[in-house]
Amino acid sequence: MDGPDLVNLFVGIGLGEVKAKETAKNSNVSANLKNCINAASSVSSVEISKAHGMLLYHIATKIKPQVSMQIPLLSRYVVEGNIDSELRLNAAMDYLISNPLGDVDMKAFEESCGVGIVVTPEQIEQEVEKVIKKHQTELVEKRYRFNVGPLMSEVRNNLKWADGKVIKSEIEIQVLSLLGPKTEEDLAPPPRVEKVVKPKVAKPTSSNKENLEVDSDSASTITELMKKVQFHKPGENFKTDGYVITEKTMDLLKEHLKITGGQVRTRFPPEPNGILHIGHAKAININFGYAAANDGVCFLRYDDTNPEKEEEKFFVGIKDMVEWLGYKPYQITHSSDNFDQLYEWAKVLIKKGLAYVCHQKAEEMKGFNPVPSPWRERPIDESLQLFEDMKNGMFDEGAATLRMKVTLEEGKLDPVAYRIKYVAHHRTGDRWCIYPTYDYTHCLCDSIEQITHSLCTKEFQSRRSSYYWLCNALDIYCPVQWEYGRLNVYYTVVSKRKIAKLITEKIVHDWDDPRLFTLTALRRRGFPPEAINNFCAGMGVTGAQMGVDPQKLEAVVKDTLDVTAPRSMVVLAPLKVTITNFPFEGPTTIEVPDFPKEVQRGSHSVTLDRVIYIDRSDFREVEEKGYRRLTKGQAVGLRYAGLVISLENVKKNASGQVVELEVKCTSSANCQEKPKAFIHWVSNPMFVEVRVYERLFQHQNPEDINEVPGGFLSDINPHSLSVVNAAADKSISGAKVYDKFQFERVGYFSVDSDSTKDKLVFNRTVMLKEDAGKS
C-alpha cells in the first residue's frame with residue numbers, strides 16, 4: 001500500500017489529514033496502525049468508529065516491539081468495546097510487556113485492564129462526596145484557589161476505572177454546591193509571589209526516545225539529578241525499547257535477580273591508555289551517581305584489551321581521579337580477568353556458525369561498504385582450528401582475525417572479535433598473543449558482572465544491537481544499554497593522541513598541565529571536585545551531544561570557591577609605597593577575617609608597616625575618566641587598615657619607570673570624604689611565584705579544519721601562560737599543595753605541586769568578576 005492509500009486508510013478511522021500524512025511517513029507507526037486496522041476489520045459486524053480509531057492509533061504509537069505480536073488482541077478488545085479508554089489500554093499494554101513470553105493468561109489480562117468493570121455515576125458521586133468532606137475545611141478557607149487536582153487523584157485511586165472527565169465534572173458540581181458562585185474576590189488575580197529562577201544551561205533534546213531527558217535546571221547535585229532519571233528497574237530489562245527477548249530471557253533474568261538481589265549495578269569502564277578528562281567526569285558521575293542514588297554499586301573496570309598502549313601510570317591515575325571526585329568503586333576489575341572465559345565463548349560462537357576466521361587486511365575492512373569476506377562461510381571445524389592456531393602464535397600480526405557474523409546499526413559488517421598482537425600484557429604477561437576487541441569484550445564483561453544498567457555515550461548507540469545479539473547468541477544474561485550525550489568543552493582538545501602531541505611539541509608540560517581539561521590538570525589548577533560534579537549535574541541527562549563554553553564550568557567553580565576558599569592579600573605586580581607619616585612606632589598587627597561576610601569562620605593576622613606594596617594597576621600617574629583608585633588628585637583606602645592614603649611624590653628609575661610612591665595617610669575615621677575605592681596591599685611580604693593561565697587555544701573548535709585550517713597546533717594562544725613574582729602576605733606561608741585561596745580583588749588561586757619549602761607556587765584557578773575600576 002503506497003502513501004496516498006495509507007493516508008486514506010488512516011483518515012478513514014478518524015485521523016485528521018495532517019496527522020494521517022505524518023503517520024504515513026513513519027514506517028514503524030504506519031505498519032503498526034495498518035496491522036491494528038486489519039485486525040479490527042476482521043471482527044465481524046463491527047464498524048471502526050472515530051473513538052476506536054483514536055485507541056488504535058494509541059496502540060500503534062505506544063506498543064513496545066517486544067509485544068507487537070499482540071496488536072491483533074488489543075485491537076479486537078478495542079473494537080469490541082472491552083477496552084474503551086487510554087487508561088485501560090495502557091494497563092493492558094503494561095500487563096503484556098510484563099508477561100512477554102508464552103500464551104496470554106486471558107483472565108489475568110482482563111483483570112489487569114478492568115474488562116467488564118463498570119463504574120456508575122452514583123459511585124463517582126459518592127466517592128467525590130467523601131473526598132470533598134475530607135478536605136472541606138481547607139476548601140472553605142481557600143475557596144476557588146484550592147487546587148482540586150489532588151482530589152481527582154484521590155477519587156481515581158479508589159475508582160481506578162472511572163472516567164476522568166466524569167470525575168472532574170462531579171468535583172466541579174460539588175465544589176460549586178459547597179462554595180456557591182465565584183465572588184469578585186475569587187475572580188481577582190492572586191497576590192504575586194516572587195519566584196527564584198535558576199540560571200539555565202542549554203538543554204538540547206534527543207531523538208533517542210529511550211533516553212529520559214532530565215534538564216539542567218531540575219537538579220543542583222548529581223544525586224538529585226540521578227534520582228529523577230527513570231531507567232528500568234533491575235530485572236525489568238525486557239520492558240525497554242529494543243531489548244531482544246529469547247526463550248531463555250525470563251529464566252536468565254530470574255537467575256540475575258537471585259545473584260544481585262534486585263540491586264542496581266553500573267560500571268565505569270575506561271581504557272587505561274591515557275588520563276581522564278572532563279568528558280569522563282560526566283561518565284563517572286552518571287555511572288557512580290546513578291548507582292548511589294538507587295542504593296546500588298558501581299564497578300571500576302579497566303578495559304585493558306589493548307596492551308601496547310597501556311601503562312601503569314594510567315591505571316593509577318584513573319583510580320585516583322575517580323576517588324578524587326568522591327566515589328569509591330564497589331570492585332576494581334579488569335577485562336583481562338575474563339580472558340579465559342571470553343576465549344571459550346568465542347569458540348562457542350564459531351561452533352554455532354556465528355563467527356569465523358578471516359584473512360582480510362585491516363584496510364580492506366575499513367569503511368561502510370567493504371568487500372565481503374571470502375572466508376565468511378568457511379567450515380566451522382576449519383575456523384576452530386585456525387582460531388586455535390591464532391592463539392598459539394602461528395600467524396603474523398594482521399594475518400588473521402576472528403569476526404562475528406552481525407551487522408551494526410551503522411551498517412558496519414562483521415566486526416572483529418579477536419586480533420593478533422605480539423605484545424606482553426601488564427597482567428597476563430606473554431600468555432596471550434590474541435586480544436579481544438571492545439565490540440566483543442564490553443557486553444560480555446557487563447554480563448559476567450551482572451550489570452543492570454550499561455550506561456554509555458551516544459556514539460555507542462550503533463553498537464547496541466550487536467551488544468544484545470552477542471549476549472543472546474551465547475545464551476547468557478543480557479544487561480540493558482542506555483545512551484546519553486557526551487560532554488565537549490570548547491577551546492580545548494581531549495584526544496589522547498593530540499594531548500600527547502602537545503606534550504612532545506613542548507606546548508604543554510605534561511598530562512596535568514593546568515591549561516588542559518584532563519582531570520589531573522583541573523585538580524592541579526585548583527578546581528574543587530564538588531564543583532566538577534555539580535557542573536555535570538547542571539548539564540542534565542540528555543541524548544544530545546553538547547558543547548559548553550569553559551566559562552560555564554568556571555562559574556560553578558567560582559561559586560564553590562566563594563564559600564570554601566579563605567581570603568588573603570597578594571599583590572601580583574608589586575609597587576613599593578612608603579607612608580611618610582606612618583602613625584605607629586613600628587610594625588603593627590591587624591586581624592583580617594578569612595571570610596569577610598562570615599567573620600565567625602575565623603581570621604588571620606597581617607602586618608602593617610611603614611613600607612607597603614600595592615598593585616601597579618591601582619596607581620595612575622595620569623588621571624583617567626572613570627578611574628577610581630590612586631592618582632595625584634585622588635586618595636584611596638587601604639583594606640582593613642583603617643587608613644586612607646594620598647599621593648605626595650613619585651620616584652622613577654633612570655629609564656623613567658615608576659619604582660616607588662611616597663604617600664601621606666589619614667585615619668579613615670577622620671576622613672572628610674570617603675574614598676572611591678579600597679585597595680589590597682601587603683607589608684613585609686614573602687614572594688611567591690604565580691602562574692596566570694588563559695585559554696590554550698584561540699578558537700572555539702581548534703580541531704575543526706573549517707575554523708582552523710592549519711590544524712590544532714597552529715591555533716595555540718601564545719599568551720596562555722604568564723609567570724609573575726608576586727608579593728604575598730606571610731599568613732599563607734604554611735599553605736600545602738592544592739590549598740585554595742581567594743587573593744582579594746584578583747581571583748582564586750591554588751598551591752601548585754611545584755612548590756618547595758623555599759618558595760610557594762600558585763596557579764590561578766579562575767578570575768573574579770570585578771570591574772577594573774572598582775576596589
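Residues numbered from 1 in each chain as written. Predicted model: local features only at pLDDT ≥ 70, side-chain atom pairs only at ≥ 80, totals over all residues. Heavy atoms only, no water.

A short note on the overall build of the protein
Each helix and strand in the protein was counted, giving 25 helices and 26 strands. For 775 residues, the compact-globule estimate of 2.2 N^0.38 gives 28 Å, and the C-alpha radius of gyration of the protein, at 35 Å, exceeds that figure by more than 25%. For the C-alpha atoms alone, the extent of the protein along its principal axes is close to 110 × 95 × 50 Å. By residue count, 49% of the 775 residues in the protein fall in the buried class. The contacts of the protein with a sequence gap of at least 6 include a subset with a gap of at least 24, amounting to 70%. (Helix = DSSP H or I, 4+ residues; strand = E, 2+ residues; numbered from the N terminus. Rg over C-alpha atoms; globule rule 2.2 N^0.38 Å. Buried < 20%, exposed > 50% of the residue type's maximum accessible area, 1.4 Å probe, protein only. Contact = heavy atoms within 4.5 Å.)

Considering the sheet that holds strand 19 (residues 643-652)
Sheet strands pair via backbone hydrogen bonds, and the direction of the pair is either parallel or antiparallel. The mixed open sheet is built from six strands, whose spatial order is 17-14-20-19-18-21. The strands lining the two open edges of the sheet, one partner per strand, are strand 17 (611-615) and strand 21 (678-679). Here two bridges tie strand 18 (residues 636-638) to strand 21, and the two strands are oriented parallel to one another. Bridge assignment links Leu638 to a residue of strand 21, and that residue is Ile679. (Pairing = 2+ DSSP bridges.)

Some words on the nonpolar core
Nonpolar side chains in soluble globular proteins generally cluster together in the buried interior. Counting 91 residues, the largest nonpolar core has Ile278, Phe387, Tyr418 and Tyr440 as its most contacted members. Sorting elements by how many residues they give to this core places helix 15 (residues 278-293) first, with nine residues. Setting aside residues no more than four positions away along its own chain, Ile278 makes contact with Leu487, Val489, Phe517, Leu519, Leu522, Ile532, Phe535 and Leu553. Within the second largest apolar cluster, 38 residues are counted, among which are Val29, Leu33, Ile83 and Ile97. (Core = buried A, V, L, I, M, F, W, Y, C linked by side-chain atoms within 4.5 Å.)

Comments concerning the pairing of strand 2 (residues 297-302)
Most of strand 2 is tucked away, with six of its six residues classed as buried. In strand 2, alternate side chains face the same way, and those of Val297, Phe299 and Arg301 on one face and Cys298, Leu300 and Tyr302 on the other are all buried. As defined by bridge partners, strand 1 (residues 265-268) adjoins strand 2 across four bridges and the pair is classed as parallel. Paired with Arg267 across the bridge in strand 2 is Phe299. Regarding the hand of the β-α-β motif, the stretch spanning strand 1, helix 15 and strand 2 is right-handed. Pairing of strand 2 with strand 3 (residues 332-334), which is carried by three bridges, proceeds in the parallel orientation. Of the residues in strand 3, the one forming a bridge with Arg301 is Thr333. Between the parallel elements strand 2 and strand 3, the chain passes through helix 16 (residues 312-324) in a crossover that is right-handed. (Right-handed = clockwise from strand over helix to strand, strands pointing away.)

A word on helix 6 (residues 86-98)
Owing to its 3.6 residues per turn, the α-helix brings residues three or four apart onto one side. The terminal C-alpha atoms of helix 6, which comprises 13 residues, lie 18 Å apart, in line with the 18 Å expected from a rise of 1.5 Å per residue. Buried within helix 6 we find Arg88, Leu89, Ala91, Ala92, Met93, Tyr95, Leu96 and Ile97. Each element contacted by the buried residues of helix 6 is listed here: helix 4 (50-62), helix 5 (71-79) and helix 7 (106-112). (Expected span 1.5 Å × (residues − 1).)

Things to note about the packing of aromatic side chains
Applying the stated criterion to the full structure yields 22 aromatic pairs. Geometrically, the ring pair formed by Tyr77 and Phe109 is edge-to-face, given 5.4 Å between the ring centres and 85 degrees between the ring planes. Taken as a pair, Tyr77 in helix 5 and Phe109 in helix 7 lie far apart in primary sequence, 32 residues in all. Exposure class is identical for Tyr77 and Phe109. Each is buried. (Phe/Tyr/Trp six-rings, centres within 6.5 Å; stacked < 30°, edge-to-face > 60°.)

Focus on the confidence of the model for the protein
Summarising the model, the protein shows a mean pLDDT of 91, and 95% of its residues fall at 70 or more. Every residue in residues 195-211 scores below 50 in pLDDT, and together they form 32 contacts with partners more than four places removed in sequence or on other chains. Below pLDDT 50 for its whole length, residues 771-775 participates in eleven contacts with residues either more than four positions away or in separate chains. (pLDDT = per-residue confidence, 0-100.)

Remarks on the packing of helix 8 (residues 121-134) against helix 10 (residues 149-158)
Relative orientation of the contacting elements helix 8 and helix 10 amounts to 135 degrees, with a least axis distance of 10 Å. As judged from the angle between their axes, helix 8 and helix 10 are oblique. Pair helix 8 / helix 10 crosses with right-handed handedness. Residues Glu127, Val128, Val131, Ile132 and Lys134 of helix 8 pack against Leu151, Glu154, Val155 and Asn158 of helix 10. Grouping the amino acids of the contact of helix 8 with helix 10 by side-chain chemistry returns five nonpolar, one polar and three charged. (Axes fitted to C-alpha atoms, helices over the stretch in contact; angles between N-to-C directions. Parallel < 35°, antiparallel > 145°, perpendicular 65-115°, else oblique. Left-handed = near helix turned anticlockwise from the far one by under 90°. Nonpolar A, V, L, I, M, F, W, Y, C, P; charged D, E, K, R; others polar.)

Side note on helix 15
If you check helix 15, its first and last C-alpha atoms are 22 Å apart, about what 16 residues at 1.5 Å a residue would give, namely 22 Å. Counted residue by residue, helix 15 has 15 buried out of 16 residues, so it is predominantly covered. Just beyond helix 15, the residue with positive phi is Asp295, at close to 55 degrees.

Overview of the environment of Asp303
One can find Asp303 in the loop between strand 2 and helix 16. The exposure class assigned to Asp303 is buried, which follows from its relative accessible area of 6%. Along the chain, Asp303 and Cys456 lie 153 residues apart, while their C-alpha atoms are 14 Å from each other. In contact with Asp303, not counting residues within four places along its chain, are Pro269, Pro270, Glu271, Pro272, Glu310, Ser335, Tyr438 and Thr441.

Details of the side chain of Glu483
Within the fold, Glu483 resides in strand 9 (residues 480-484). Here the side chain of Glu483 touches Arg464 through a polar contact of 2.9 Å, side chain to side chain. A polar side-chain atom of Glu483 sits 3.0 Å from a polar atom in the side chain of Gln481. (Polar contact = N/O pair within 3.5 Å; in protein donor to acceptor, adjacent residues only side chain to side chain.)

Examining the packing of helix 15 against helix 24 (residues 529-538)
One way to put it is that helix 15 packs onto helix 24 with a least axis distance of 9 Å and a crossing angle of 75 degrees. What the angle tells us is that helix 15 and helix 24 run roughly perpendicular. Note on element contacts: helix 24 touches helix 15 through Ile532, Asn533, Phe535 and Cys536, opposite Ile278, Ala281, Lys282 and Asn285. Class assignment for the residues of the contact of helix 15 with helix 24 results in five nonpolar, two polar and one charged.

Looking at the state of the cysteines
For the structure on display, the rule yields zero disulfides. As a non-bridged cysteine, Cys298 has Cys456 as the owner of its nearest cysteine sulfur, 13 Å distant. The buried category is assigned to Cys298, whose relative accessible area is 3%. The thiol sulfur of Cys478 is not disulfide-bonded, and the nearest other cysteine sulfur, from Cys471, lies at 4.1 Å. Looking at Cys478, the relative accessible area reads 2%, which means it is buried. (Disulfide = S-S within 2.5 Å.)

Considerations on the environment of Val357
Tracing the sequence through the fold places Val357 in strand 4 (residues 355-358). What Val357 contacts, discounting residues up to four positions off in sequence, is Trp375, Arg378, Ser383, Leu386, Phe387, Met390, Ala400, Thr401 and Leu402.

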